[in-house]
Every structure is written in C-alpha cells, then in structure tokens.
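Per-entry structural report
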Amino acid sequence: MTERERMVSGGLYKADDGELVALRQRARRLTRQFNATTEEELDKRQELLRELFGAFGGNSFMEPSFRCDYGVNIFIGEHFYANFDCVILDVAPVHIGDNVFFAPRVNLYTAGHPIDAGVRNEELEFGKPITIGDDVWVGGGVIVNPGVTIGSDVVIGSGSVVTKDIPSHVIAAGNPCRVIRAITDEDKVRWTRERDAYFADREKEWS
C-alpha cells in the first residue's frame, strides 16, 4: 500500500511521503486563492471549492477563511453552508450530507497521533473518518473529533467537543458532547407557526 492508501484506510502512515506532500501543497494553493477572493468573486470561489474537494454539492457555499489538509478527502452534499474560519483536517474521509449548516469556527479533525510518545516521535500518524448526516446545524466553535458519526436532523450546541457518535433527531451539547433531548413534533409545530407568522407579516408589507 502507498502512504496515501494507508492514510485513507486508517492505518499508520508517514506524512512526509512525496505524494502526500504534493497533495498538501495543492490544497494550500487552492485554499490560499479561495481565502484571497473578494465578495464580488462568488463564481471564482465556487470554482476553487469544486476543484479542491472530492465533491461539493449544488447550492453550497463557504465563507473565507477556510483551511484543510488535502481537500480531496472531503465530500459535501447539496445546500451546505459554512460560516467564517472553518477548519477540516481530512487525512481520513469526511462526508457531509445535504442541508448542513456550520456556524463560525467549526472544526472537524480526522487526524490522530499514537498515544505512545516513542512511536509518536517517529512521526507516524493515523486518521479516522468523520460523517455528518442530512439536516444538521453545528453551532459556533464546535470541534468534531476523529471517528465520529453525527446522524441526521441534529443540532450541536455552540462550543461542544464531539468525541462520540451522536444519533439522529436530537439536540446535543457540551464537552464532551451529550444528547440533551430529542427533536419532537412539538418543535415542528412551534417553528412552523413562527414561519407562517413571518410570511403573514411579509404579505402585509407587500400588500
């Protein structure tokens, strides 16, 4: 196996491998160009992100600044939004579903190092994948650690450190992140009522 194959599969690998160095340099170049764009260059931003990522779904958008290790291991669905200062360390695959919203300074870390200092000092590393389902809102300053899966229809509270899997249809928060409660039909009723009131007010303004 190549070092890249070892890295993506979750085995120990060395990051100074020539292929990996070239891929990181590519990611640095593309993220530098993306972060240097202006608010008038929206099309250029989208082109750079489509080149950088393994997949970048339609109607998806990211605010500068953004940082990643490789980019090619990031797969993003439709209607994704990331606010300022997102960081994704993608030594292992990162899969993000549809209708996922990131608040500022969300960090996804697939990268890990051996616990044993002797092995760690030999510059051996490893990674574990991160998966996020559909319809997820991740609050500001959240950190998602290696190997975590977050289900669909989930809200992660600001400042959380997600160290273990989070099931679907819940609100979770804290350090370490824990399930606070389920998302219920009452939530749907309340927010549907709020939405209807908003549009009723707008119709009055337009009439």
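Okay, so let's go over this structure. (Residues numbered from 1 in each chain as written. Predicted model: local features only at pLDDT ≥ 70, side-chain atom pairs only at ≥ 80, totals over all residues. Heavy atoms only, no water.)

1. Things to note about the sheet that holds strand 10 (residues 107–109)
- Taken in spatial order, the 5 strands line up as 4-7-10-15-18 in an open sheet, and their pairing is parallel. Edge positions in the sheet fall to strand 4 (66–68) and strand 18 (161–162), since each of these pairs with one other strand and no more.
- Relative to strand 10, strand 7 (residues 86–89) is paired through 3 bridges, and the arrangement is parallel. Looking at the pairing, Ile-88 lines up with Leu-108 of strand 10. (Pairing = 2+ DSSP bridges. Helix = DSSP H or I, 4+ residues; strand = E, 2+ residues; numbered from the N terminus.)

2. Looking at helix 2 (residues 18–35)
- The end-to-end C-alpha distance of helix 2, which contains 18 residues, comes to 26 Å, matching closely the 26 Å that a straight helix rising 1.5 Å per residue would cover.
- Here the buried face of helix 2 lies against helix 1 (3–9), strand 1 (13–14), helix 3 (42–52), strand 3 (61–62) and strand 4.
- Residue Asp-17 occupies the N-cap position of helix 2, its side-chain oxygen lying 3.1 Å from the main-chain nitrogen of Glu-19. (Expected span 1.5 Å × (residues − 1). Contact = heavy atoms within 4.5 Å. Polar contact = N/O pair within 3.5 Å; in protein donor to acceptor, adjacent residues only side chain to side chain.)

3. Comments concerning the nonpolar core
- The biggest cluster of nonpolar side chains holds 38 residues, and the ones touching the most others in it are Met-62, Phe-66, Ile-96, Phe-102, Leu-108, Ile-150 and Ile-156.
- Contacts of Phe-66, omitting those with residues within four sequence positions, involve Thr-31, Phe-34, Asn-35, Leu-52, Phe-53, Ile-74, Cys-86 and Ile-88.
- In terms of nonpolar packing, the next biggest core, distinct from the first, is built from 8 residues, Ala-15, Tyr-70, Val-72 and Val-91 among them. (Core = buried A, V, L, I, M, F, W, Y, C linked by side-chain atoms within 4.5 Å. Buried < 20%, exposed > 50% of the residue type's maximum accessible area, 1.4 Å probe, protein only.)

4. Let's talk about the packing of aromatic side chains
- Summed over the entire model, instances satisfying the criterion amount to 5 aromatic pairs.
- When the centroid spacing of 5.6 Å and the interplanar angle of 45° are considered together, the rings of Phe-53 and Phe-56 count as tilted.
- Residue classification places Phe-53 among the buried positions, given a relative accessible area of 4%.
- An aromatic cluster is built from Phe-53, Phe-56 and Phe-66, whose rings are joined through pairwise contacts. (Phe/Tyr/Trp six-rings, centres within 6.5 Å; stacked < 30°, edge-to-face > 60°.)

5. Here we look at the pairing of strand 20 (residues 178–182)
- The sheet contact formed by strand 19 (residues 170–173) and strand 20 spans 4 bridges and is antiparallel. Bridge pairing in strand 20 places Ala-173 opposite Arg-178.
- Between the end of strand 19 and the start of strand 20, which pair antiparallel, lie 4 residues, with Gly-174 showing a positive phi angle near 110°.

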